[in-house]
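If you want the building blocks of each chain, they are given just below.
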Amino acid sequence: MPDAPHDPHDPVTAVPEPLGVELTPTGHPAVDAGLARLEALDGVPAEAHVAVYEDVHQRFADTLAALDQE
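Residues numbered from 1 in each chain as written. Predicted model: local features only at pLDDT ≥ 70, side-chain atom pairs only at ≥ 80, totals over all residues. Heavy atoms only, no water.

Comments concerning the packing of helix α1 (residues 29-39) against helix α2 (residues 49-69)
What counts is decided by this rule: In this analysis an axis means a line fitted to C-alpha atoms, helices contributing only their contacting stretch, and an angle means the value between N-to-C directions, from 0 to 180 degrees. A run of H or I in DSSP counts as a helix once it spans at least four residues, and a run of E counts as a strand once it spans at least two, with each numbered from the N terminus. Should an angle lie under 35 degrees it is considered roughly parallel, over 145 roughly antiparallel, and from 65 to 115 roughly perpendicular; all remaining angles are considered oblique. Should any heavy atoms of two residues lie within 4.5 Å, those residues are counted as being in contact.
It is at 10 Å that the axes of α1 and α2 come closest, and there the two elements cross at 170°. Between α1 and α2, the angle falls in the class roughly antiparallel. In this structure, α1 uses Ala 30, Val 31, Gly 34, Leu 35, Arg 37 and Leu 38 to contact α2, whose residues at the interface are Val 52, Tyr 53, Asp 55, Val 56, Arg 59, Phe 60 and Thr 63.

Right, dumping it as structure tokens:
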């Protein structure tokens, strides 16, 4: 069975294209790990993003809270 044609304007058949955004390391390991997780989403369908966004958001919130404790 041949693959269905990919119409870039049809959200059902469109194949996500990488944005090619380069992230600059911050030097803070926890932040850089979160950024790496976000960078790995480049080109991945949007429905896979939510869980990663929530995880990274929580990690960043925890990192900020830890900085407040210092």
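Looking at the environment of Phe 60
Put simply, the rule is: Each residue's exposure class comes from its accessible area (1.4 Å probe, protein chains only) as a fraction of the maximum for that residue type: buried when under 20%, exposed when over 50%, partly exposed otherwise.
With respect to the element layout, Phe 60 can be found in helix α2. Owing to a relative accessible area of 25%, Phe 60 belongs among the partly exposed residues under this scheme. Ignoring sequence-local partners within four residues, the contact set of Phe 60 consists of Ala 30, Val 31, Gly 34 and Leu 35.

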